[in-house]
Each structure stands twice: as C-alpha cells, then as structure tokens.
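Fold and geometry: a report
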2 protein chains.
Amino acid sequence: MVALKQKLEERGLRKTAFRIELLTLFTQTKSSLSIEDIKSSVGKTSDKVTIYRALDAFEKSGLIHRVPDKANLARYALCHNECKPEAHSHNHAHFICTVCDETFCIENVEVPKIHLKQGYKINSSTLTLEGSCPSCQSA
Amino acid sequence: MVALKQKLEERGLRKTAFRIELLTLFTQTKSSLSIEDIKSSVGKTSDKVTIYRALDAFEKSGLIHRVPDKANLARYALCHNECKPEAHSHNHAHFICTVCDETFCIENVEVPKIHLKQGYKINSSTLTLEGSCPSCQSA
DNA sequence: AAATTTATCGCAACTTGGTTGCGTTAGTTT
DNA sequence: AAACTAACGCAACCAAGTTGCGATAAATTT
Ligand SMILES: [Mn+2]
Ligand SMILES: [Mn+2]
Ligand SMILES: [Zn+2]
Ligand SMILES: [Zn+2]
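Residues numbered from 1 in each chain as written. Chains lettered and ligands numbered in written order. Predicted model: local features only at pLDDT ≥ 70, side-chain atom pairs only at ≥ 80, totals over all residues. Heavy atoms only, no water.

1. Description of the protein's contact with DNA strand C
Taken together, 20 residues lie around DNA strand C, and Arg-14 and Arg-53 of chain A together with Lys-48, Tyr-52 and Ala-74 of chain B are the ones closest in. A share of 53% is what sugar and phosphate atoms reach among the atoms of DNA strand C within 4 Å of the protein. Contacts to DNA strand C include Thr-16 of chain A, whose side-chain N or O atom sits 3.0 Å from a phosphate oxygen. Here a phosphate oxygen of DNA strand C sits 3.1 Å away from a polar atom, N or O, in the side chain of Arg-19 of chain A. Mapped onto the surface near DNA strand C, the elements with two or more residues apiece are helix H2 (17–28) and helix H4 (48–60) of chain A together with helix H4 (48–60) of chain B. At 4 residues, the largest contribution of residues to the surface near DNA strand C is made by H4 of chain B. When the residues that make up the surface near DNA strand C are grouped by side-chain class, the tally is 8 nonpolar, 3 polar and 9 charged. (Near = heavy atom within 4 Å. Polar contact = N/O pair within 3.5 Å; in protein donor to acceptor, adjacent residues only side chain to side chain. Helix = DSSP H or I, 4+ residues; strand = E, 2+ residues; numbered from the N terminus. Nonpolar A, V, L, I, M, F, W, Y, C, P; charged D, E, K, R; others polar.)

Given below as structure tokens:
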C-alpha cells in the first residue's frame, strides 16, 4: 500500500484515488489486464480516456509494459524487474491463451538474440507463443 | 501469368481482373503489402471491402500470410513455400523497419521451438524483430 | 491556512481501420 | 444460352483509441 504510493511519487505521478486503485489492481493480477478488465474491476466510475492516459503514464514511467493481445487490443502487465522510464527491460516471451484470451508473461523464457545479415539493425525483438493455458487445459 | 491464374483456379477462386492483378502485385513485391500499398498500386478503382475480402480469401487458401505491422495494421506477404489452406507453414521470423514502416519475411531465421512448463500447450509462435532495414541504413 | 500552480479528470466530438448487409455484376458450369 | 453463385460496390455501421478543452483536485508556495 504505502510502497505503492511511493512508486507513484518516485516517478512524479500524482497519487489520485483512481491511479492508486489501478496500480493496486496490477499488483494483484498474476497475468495482465485489458481495458475491459480494468473497466469492470474499477466500476463504471472512470472514463475510458482517463484509463488510457493513466496506462500511458504508467508505461512511460516504467511501471507497466504493454503485452501482445489476441485481438491486438491494448493490454498491460506489471514490470517486475523495476524498469526505469528510460530503459524498459522485459525481454521475456509472452503467451497468449486463445481460449480465455489472457496473456501471460513468461519471465523465464528469454527472447533469443538473432543476428541478421549485414544491413539490418535490430533494436528490439519479441517472441510470442499462442495456445492454451493451464487453466484452460481441462476443456 | 498463366501459372498465376492456375494458382487461383486450383484453390477454387475465380480469376477476376482484380484478383489477378492483386496476386500479380504480391509476386512482384519482395517484402509485404499494406492496404494502402494495394490501394495506391491498384488505383482507386477497387473498393476497400473488395480488397479486404480478397486478402481474406487469399489467406484462407494459403496464397498469402499475414505479417506483423508497425502499427498493427493489416499487412500480407506471399507464401513462398506453397502453403495449403489447412496448413500454413511459415515459421520464420519477421523484421519490421521502424523507419520505412516496411515488414520483411526473414525466411532463413526459424522461430525457435520453446518448451514451457507443464500445462501450457503451444500451437503457434512468432518471432518479430524491429529496427532499421538495409535501405534505411544511410539515414 | 489560503492562494497558486499544474497534473489529472471527464465529457463530447472525432478519427481510423475494419466489418456487415444487400442488391448487382460477372465468372463458371450445365 | 440459361442457371448458379462467387465476387463486387456502395452505404451504413462498429469498436478502439485519440484530441480538445474546461473543470477538479493534488502538490507546492506563500
Ligand atoms: Mn511481459
Ligand atoms: Mn513471412
Ligand atoms: Zn486460458
Ligand atoms: Zn526501412
């Protein structure tokens, strides 16, 4: 709780009721959150513009990172490895479950370093896996 | 030309002027095509709905495959390894140039096979690299 | 504590990429 | 040539996300 508010303060973000609630929500989620997830969890109180802007601010300050989504919608997960606004380092794979539409950070699988032939300069890479997650296996 | 019409025929697609032109365009492109690319190349003649439906039909019948795009827009490239409607096999990496917004198929880089811990079942994987392409290096 | 400053919020209006419905056109088959 | 049906074109629609701007409320200064 208090540590949470500190994270906002450290990055020069204001500790508004909504942003505290949003950040709390992220810490409580093991996977990731879509706009819909947030809307339904926060209640209808907050406008979608507010949500988008908060997510944007959180991402820029290294609190969360965007993850791939089944339908390419906005979706975010907490940065576990204390990212800095300048350098987000989350070079892990992501898993999209096509059954429950959830996206999981696979922190223990690194994105492989690829070397391309002369001329290509790589700045970032992503490795995305698709299939069914443990909870959706029974079906 | 004639081989091209055959490909359409083989898959039960009609050889309309537009679809022949579109498929020709794909064979002439070394990288990939966005809707805008197609629009400007085909002239204003064809409706966007026609383009979307043709791309959809081509993809379903294994002529083209969707590639990632800088802004998540629709973008397609020719299938070089003769895909079947049932099984598209294009497990190669893709490179997005953030300068010219082009997407390249990196046919000689395979997407690595990943093994996850019990419970996750992987159906498909994608490896996407981002940076600047050879033509955009000088800048 | 009051005044000031400015990040954040909320509403409305807009943009964009893509989809759906449906009547028309034109390949393909008989 | 007649029949059948994939493909086309237009209009209307949809959903995710963005922009502008005035109102609210944290944070800072007096
Ligand atoms: Mn992640
Ligand atoms: Mn490809
Ligand atoms: Zn699942
Ligand atoms: Zn380029």
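What follows continues from the structure just given.
2. Regarding the coordination of the manganese ion (ligand 2)
Residue and element names in this part refer to chain B. For the manganese ion (ligand 2), the full set of protein donor atoms is His-65 (NE2), His-92 (NE2), His-94 (NE2) and Cys-105 (SG), at a range of 2.1 to 2.3 Å. Donor residues for the manganese ion (ligand 2) sit on one chain with the sequence pattern H-x26-H-x1-H-x10-C. Note that His-65 is positioned in strand S2 (residues 64–66) and Cys-105 in strand S5 (residues 103–110), a separation of 40 residues in sequence. Of the residues examined, Cys-105 reaches a relative accessible area of 19% and is grouped as buried. (Donors = N, O, S within 2.8 Å, 3.2 Å for Na, K, Ca; no water. Buried < 20%, exposed > 50% of the residue type's maximum accessible area, 1.4 Å probe, protein only.)

3. Considerations on the nonpolar core
Counting 27 residues, the largest nonpolar core has Phe-95, Ile-106 and Leu-127 of chain A together with Phe-95, Ile-106, Leu-116 and Leu-127 of chain B as its most contacted members. Among the elements of the structure, strand S4 (92–97), strand S5 (103–110) and strand S6 (121–132) of chain A together with strand S4 (92–97), S5 and strand S6 (121–132) of chain B are those that each provide at least two residues to this core. (Core = buried A, V, L, I, M, F, W, Y, C linked by side-chain atoms within 4.5 Å.)

4. Some details on the coordination of the zinc ion (ligand 3)
For a metal bound by four donors in a tetrahedral arrangement, the ideal donor-metal-donor angle is 109.5 degrees, while six donors in an octahedral arrangement ideally sit at 90 or 180 degrees. Residues and elements named next belong to chain A. All of the protein donors around the zinc ion (ligand 3) are Cys-97 (SG), Cys-100 (SG), Cys-133 (SG) and Cys-136 (SG); their distances to the metal are 2.2 to 2.4 Å. Seen from the zinc ion (ligand 3), its 4 donor atoms lie at angles of 104 to 119°, and the figure they make is tetrahedral. One chain supplies every donor for the zinc ion (ligand 3), spaced along it as C-x2-C-x32-C-x2-C. With a gap of 36 residues between them, Cys-100 in the loop between S4 and S5 and Cys-136 in the segment after S6 connect regions that are remote in the sequence. (Tetrahedral: all angles 85-135°; square planar, octahedral: opposite > 155°, others 65-115°.)

5. Overview of helix H3 (residues 35–42) of chain B
All names here are of chain B. Buried within H3 we find Ile-35, Ile-38 and Val-42. Mapping the buried residues of H3 onto a view down its axis gives an arc of 65°, with all of them on the same face. Along H3, the residues that are exposed and aim more than 90 degrees away from the buried face are Glu-36 and Ser-40. Looking at the packing, one finds that the buried side of H3 touches helix H2 (17–28), strand S1 (33–34) and H4. Just downstream of H3, Gly-43 is the residue with a positive phi angle, here 85°. (Arc of directions from axis to C-beta. Contact = heavy atoms within 4.5 Å.)

6. A closer look at the confidence of the model for chain A
The predicted coordinates should not be examined in detail at positions where pLDDT is low. Taken as a whole, chain A shows an average pLDDT of 93; of its residues, 94% reach a score of 70 or greater. The element-level mean pLDDT for chain A is lowest in helix H1 (residues 2–10) of chain A, coming to 90, with strand S1 (residues 33–34) of chain A highest at 98. (pLDDT = per-residue confidence, 0-100.)

7. Side note on the sheet that holds S6 of chain B
By way of backbone hydrogen bonds, the strands of a sheet pair with one another, either parallel or antiparallel. What the 6 strands build is an open sheet, ordered S5(A)-S4(A)-S6(A)-S6(B)-S4(B)-S5(B); its pairing is mixed. Each edge of the sheet is formed by a strand with only one pairing partner; in this case those strands are S5 of chain A together with S5 of chain B. For this sheet, the mean inter-axis angle between neighbouring strands, taken without regard to orientation, is 30°. Relative to S6 of chain B, S4 of chain B is paired through 4 bridges, and the arrangement is parallel. Looking across to S6 of chain B, one finds that His-94 of chain B is bridged to Thr-128 of chain B. (Pairing = 2+ DSSP bridges. Axes fitted to C-alpha atoms, helices over the stretch in contact; angles between N-to-C directions.)

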